[in-house]
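Structural overview
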Amino acid sequence: MTELKTETITINMGPQHPSTHGVFRLILTLDGETVVDVEPVVGYLHRNHEKIGEKNNWIQNTPFTDRLDYISPMSNEFAYVLAVEKLAEIEPPERAKYIRIIMVELNRIVNHMIAVGFLLNELGCFFTPMFYCLRWRELVVDLYEMTAGSRMMPNYFWIGGVSADLPEKFLPECKEFVDAVPGFIDELERLLTDNEILQMRCRNVGVLPPDVAVEYGCTGPLLRASGVPYDIRKAEPYSIYDRFDFDIAAGTVGDVLDRYLVRIAEMRQSAKIVEQALRDLPEGETATPKKRKFRPPEGDVYHRIEAPKGELGFYLVSDGSENPYRYKIRAPSFVNLQSLPYMCRGHKIADVVIIIGSIDITMGEVDR
Amino acid sequence: MTAKETFDRLAAKFPQFPLGYLEGKDTAILVKGENLVGLAQHMRDDEEYDYCSSITGVDYPDRFEVVYHLYSTKKEGGPVILKVHAERENPMLPSVVSIWPTANWQEREVWDLMGIRFSGHPNLTRILMWEGFEGHPLRKDFPGSEDEYIFG
Amino acid sequence: MTQEDTVPPELKRNVFIAPVDWIYNLGRAASVWPVMFGVACCAFEMIVTVTSRFDLARFGMEFLRASPRQSELMIVSGTVTKKMAPQVVRLYDQMPEPKYVLAMGACAISGGPFKDGYNVVPGVDKLLPVNVYVPGCPPRPESLLDAILKLHKQIRAETIRTSPWYRKDADREIPVPEYGPRGLVLPKGDKS
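The rules behind each value
Residues numbered from 1 in each chain as written. Chains lettered and ligands numbered in written order. Predicted model: local features only at pLDDT ≥ 70, side-chain atom pairs only at ≥ 80, totals over all residues. Heavy atoms only, no water. Pairing = 2+ DSSP bridges. Helix = DSSP H or I, 4+ residues; strand = E, 2+ residues; numbered from the N terminus. Expected span 1.5 Å × (residues − 1). Buried < 20%, exposed > 50% of the residue type's maximum accessible area, 1.4 Å probe, protein only. Arc of directions from axis to C-beta. Contact = heavy atoms within 4.5 Å. Buried area = accessible area lost by both parts, 1.4 Å probe. Salt bridge = Lys/Arg side-chain N within 4 Å of Asp/Glu carboxyl O. Polar contact = N/O pair within 3.5 Å; in protein donor to acceptor, adjacent residues only side chain to side chain. Nonpolar A, V, L, I, M, F, W, Y, C, P; charged D, E, K, R; others polar. 1 Å grid on protein atoms, 1.4 Å probe; cavity = no way out; pocket = protein on both sides within 12 Å on 5 of 7 lines; lining within 4 Å. Points joined across faces, edges and corners; volume = space filled by probe spheres on them. pLDDT = per-residue confidence, 0-100. Disulfide = S-S within 2.5 Å. Axes fitted to C-alpha atoms, helices over the stretch in contact; angles between N-to-C directions. Patch = residues over 30% accessible without salt bridge, like charges linked within 9 Å, V, L, I, M, F, W, Y side chains within 5 Å. Areas by Shrake-Rupley, 256 points an atom, 1.4 Å probe, with all protein chains shown as cover.

1. Examining the pairing of strand E3 (residues 34–41) of chain A
Residues and elements named next belong to chain A. In this sheet, E3 lies alongside strand E2 (residues 25–31) in antiparallel orientation, the contact comprising 7 bridges. Bridge pairing in E3 places aspartate 31 opposite threonine 34. Once E2 ends, the chain turns through 2 residues before running back antiparallel as E3, passing glycine 32 with a positive phi of about 70°.

Given below as structure tokens:
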């Protein structure tokens, strides 16, 4: 019997597709159901953040950072505000520093919960785990709403502090939430982690070896799942992360399941950090006196933080005026997405959506 | 290790490369375009700077500048910042994709938005805008775009 | 001849007489299925509106359809960029009649904070006819629910006699814009 001849076909996926996390397009080359090559096409949500950032003044840019990675707005603000503070040498008050850590770590819990929910969505468990996870997001956005006044786009971090002190009810409600998180994660793990379907679909799918992950510049849970325990919170502690006790979760294989497990472990660590921050929260001012006209000195500065998705950096150039001369965003999703073709080759077409889900991208940040 | 020590060591190691020391909030090393790949190779292989975090193009009145932020996942310290100048007319720099594959999309972005070409790049096409778009939006002299299409 | 004579006595308490428009629109308004098309930030509030806390299923909209061919409402949930515009128009053209567009959030209404951008369409109504506008950045799920109730009101006020999709002469297909060197251009052969 002679071998059957096969021919590759090209399939277009997106930009409107239920599991591409927004407007993201893939050009797939398939041999039967096996993926030969993937070409990601991005830019469908290119909203010109960097150009508009040059027209805005320094203070006006904070609300725009909310809309980069709209699942974790607090982290984006944190990175921008820290970069400007490094440029202008402003030191926020102690209380503000702790409040920022609380907000950012709550954000990490939400982000990972949504990442897990979407991953299950893409495995075919349509929307039920998603609803489960979103219930917990609602609790966090309620906390955001009571402090900042907005559910999704808080614009809470200001240069030199935070915009308002915590309301009276925040502390008990936040404590209640953080105490409940481990229990919820246990429940989630009981439902999902040992589930045979999840194990079979995710084990050894989309393997990313550690050296390749570093070559592609991957950061965040994607890199740590490959077994590289690189976390900027530990490698180059910014703000007051050196005062907290937490562990870095790392995987061994670097497949989709490891990324899921790393996210689960990170949620537990984040809850631990919030607990410590609530315990140590000092009294006092929450912001340095604000100026109407803010002019940082000339110079350029790069500051990066460990956002839920990876390294989020801002490269700012100031010419001493009210507007940034250059406002560049180093977005984790954009860089992490480069590893997608490597991970997809040789897998079935159904695995492509899981691999996208496991990278955890937000198009607002990929395209900026 | 401070940035000054890194600079002194590199300057002693590569007497044939004219390196510049740029002091500021973040201290940077100024490299000539033709020496960039050689220095990058050394940074990755011998100094363990295996992770190129970000590549940024900046449009200054007299020149274009590309900034490389290097970190290491194996050792403490960083960033080492390399700055390369390109001339205003037809800016062209060597690509570092062969050294850090992560540069692929970042260099495409710099080409798309800032209009700096990278020689030796495997696929230097526009990434955020569409093919056939005229101009490079992040340049300071970009005039803005206009549409013919309006739904009536 | 009065009603008394025409309706048999056994049906007197069981028949409900109403205009065709009323009953037809009631059925349509109670089962509007949106297309699952998240553009940007607002898409997240749209997903949240479907969840149990806000429960879109109360209004017969429990399904976000993944295919435009099975849906009649397009919730434009976010910034429409020029690169995305041809796809948005094509999606709209693929939806079967009758179809409605809901512009959700400041970006979809007018370009919002990104209005100045070189790649941003200043409002989706430059591309498509919009039925309901929902302001906010992003709008709260409650305001999306309110907008959907407003859309229901619009649907129930329509009449079959004048609705454009039953008329043979009406061409509701919108020409798909193309990428040009400086922005969007009219499709070729349509330069009238």
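2. With respect to helix H6 (residues 141–156) of chain C
One full turn of an α-helix is made of 3.6 residues, so residues set three or four places apart face in the same direction. Residues and elements named next belong to chain C. Taking 1.5 Å per residue, 16 residues should reach 22 Å; H6 reaches 23 Å between its end C-alpha atoms and fits that length. Looking only at H6, the buried set comprises Pro141, Leu144, Leu145, Ala147, Ile148, Leu151, His152 and Ile155. Down the axis of H6, the buried side of the element spans an arc of 160°, and every buried residue falls inside it. Against the buried residues of H6 lie helix H2 (20–29), helix H3 (42–50), strand E1 (73–77), strand E2 (100–104) and strand E3 (132–134).

3. Thoughts on the interface of chain C and chain B
Contacts between chain C and chain B engage 23 residues on the former and 19 residues on the latter. For the chain C and chain B pair, buried surface summed over both sides reaches about 1900 Å², with 57% attributable to carbon and sulfur atoms. Joining chain C to chain B, the criterion identifies 0 salt bridges. Summed over the shared surface of chain C and chain B, the result is 4 residue pairs in polar contact (both at pLDDT 80 or more). Here the side of chain C that touches chain B is composed, by residue class, of 14 nonpolar, 3 polar and 6 charged.

4. A look at empty space enclosed by the protein
Here the structure, examined in full by the defined rule, presents 5 cavities of 30 Å³ or more. Space inside the largest cavity adds up to approximately 80 Å³. Looking at the largest cavity, it is lined by 16 residues, and the ones nearest its centre are Arg47(A), Cys41(C), Cys42(C), Cys107(C) and Cys137(C). With 3 residues, the top contributor of residues to the lining of the largest cavity is helix H5 (residues 105–110) of chain C. A class-by-class count of the residues in the lining of the largest cavity yields 10 nonpolar, 4 polar and 2 charged.

5. A closer look at the confidence of the model for chain B
Taken residue by residue, chain B gives an average pLDDT of 85. The fraction at 70 or more is 96%. Across the assembled chains, the prediction reports ipTM 0.90 with pTM 0.91.

6. Re the pattern of salt bridges
Tallying each qualifying case throughout the model produces 50 salt bridges over all chains. The salt bridge involving Arg268(A) is made with Asp186(A); its shortest N-O contact spans 3.0 Å. With Arg268(A) in helix H11 (residues 256–280) and Asp186(A) in helix H6 (residues 170–192), this pair connects stretches of sequence that are 82 residues apart. For Asp186(A), a relative accessible area of 34% corresponds to the partly exposed category. One salt bridge connects Glu65(B) with Lys83(B), and the closest N-O pair in it is separated by 3.8 Å. Here Glu65(B), found in strand E4 (residues 64–71), pairs with Lys83(B), found in strand E5 (residues 80–86); they are 18 residues apart in sequence, far enough to count as distant. We classify Lys83(B) as buried; its relative accessible area is 7%. Residues joined in a network through salt bridges with shared partners are Glu105(A), Arg108(A), Arg224(A), Asp231(A), Arg233(A), Glu266(A) and Glu306(A).

7. Concerning the environment of Pro138(C)
As for its placement among the helices and strands, Pro138(C) is situated in the loop between E3 and H6. A sequence separation of 49 residues divides Pro138(C) from Pro187(C), and the C-alpha atoms of the two residues are 33 Å apart. Excluding its chain neighbours within four sequence positions, the residues that come into contact with Pro138(C) are Met152(A), Met153(A), Cys42(C) and Glu45(C).

8. Some thoughts on the state of the cysteines
Residues and elements named next belong to chain C. Scanning the entire structure with this criterion turns up 0 disulfides over all chains. Cysteine 137 takes part in no disulfide bond, and the closest cysteine sulfur to it belongs to cysteine 107, at a distance of 5.6 Å. For cysteine 137, a relative accessible area of 30% corresponds to the partly exposed category.

9. Comments concerning the sheet that holds strand E6 (residues 299–307) of chain A
Residues and elements named next belong to chain A. The strand order across the open sheet built from 3 strands is E6-E7-E8, with neighbouring strands paired in antiparallel fashion. Among the strands making up the open sheet, the edge pair consists of E6 and strand E8 (324–330). Adjacent strand axes in the sheet meet at a mean angle of 15°, parallel and antiparallel pairs treated alike. Across 6 bridges, strand E7 (residues 310–318) lies against E8 in antiparallel orientation. Bridge pairing in E8 links glycine 313 to arginine 330.

10. Considering the interface of chain A and chain B
Listed as interface residues are 38 residues of chain A and, on the opposing side, 39 residues of chain B. Contact between chain A and chain B buries roughly 3300 Å² in total, counting both sides, with carbon and sulfur atoms accounting for 55%. Counting across the interface, chain A meets chain B through 4 salt bridges. Taken together, the links from chain A to chain B amount to 21 residue pairs in polar contact (both at pLDDT 80 or more). Going through the elements one at a time, helix H1 (49–55), helix H3 (73–88), helix H8 (210–215), E6, E7, E8, helix H12 (332–336) and helix H15 (363–367) of chain A are the ones with two or more residues in the side of chain A that touches chain B. Across the side of chain A that touches chain B, the residue classes tally to 18 nonpolar, 5 polar and 15 charged.

11. A closer look at the layout of surface pockets
A volume near 470 Å³ is recorded for the largest pocket. Residue lining of the largest pocket: 27 residues in total, with Pro18(A), His21(A), Gly22(A), Phe118(A) and Ile47(C) positioned closest to the centre. For the lining of the largest pocket, the elements supplying multiple residues, two or more each, are helix H4 (94–122) of chain A together with H3 of chain C. Looking at which element gives the most residues to the lining of the largest pocket, the answer is H3(C), with 4 residues. Of the residues that constitute the lining of the largest pocket, the class distribution is 17 nonpolar, 8 polar and 2 charged.

12. Notes on a nonpolar patch on the surface
Nonpolar side chains collect at one region of the surface, where Phe16(C), Trp22(C), Ile23(C) and Leu26(C) lie side by side and expose about 410 Å² of accessible area between them. Secondary-structure assignment places Trp22(C) in helix H2.

13. Overview of unusual backbone geometry
Cis peptide bonds are those with omega within 30 degrees of zero, and the linkage from Glu97(C) to Pro98(C) qualifies with -10°. By the element assignment, Pro98(C) lies in the loop between helix H4 (85–94) and E2. For Asp360(A), which is not a glycine, the phi torsion comes out positive at approximately 65°. Along the chain, Asp360(A) falls in the loop between helix H14 (349–359) and H15. Look at Asp360(A) and you get buried, because its relative accessible area is 5%.

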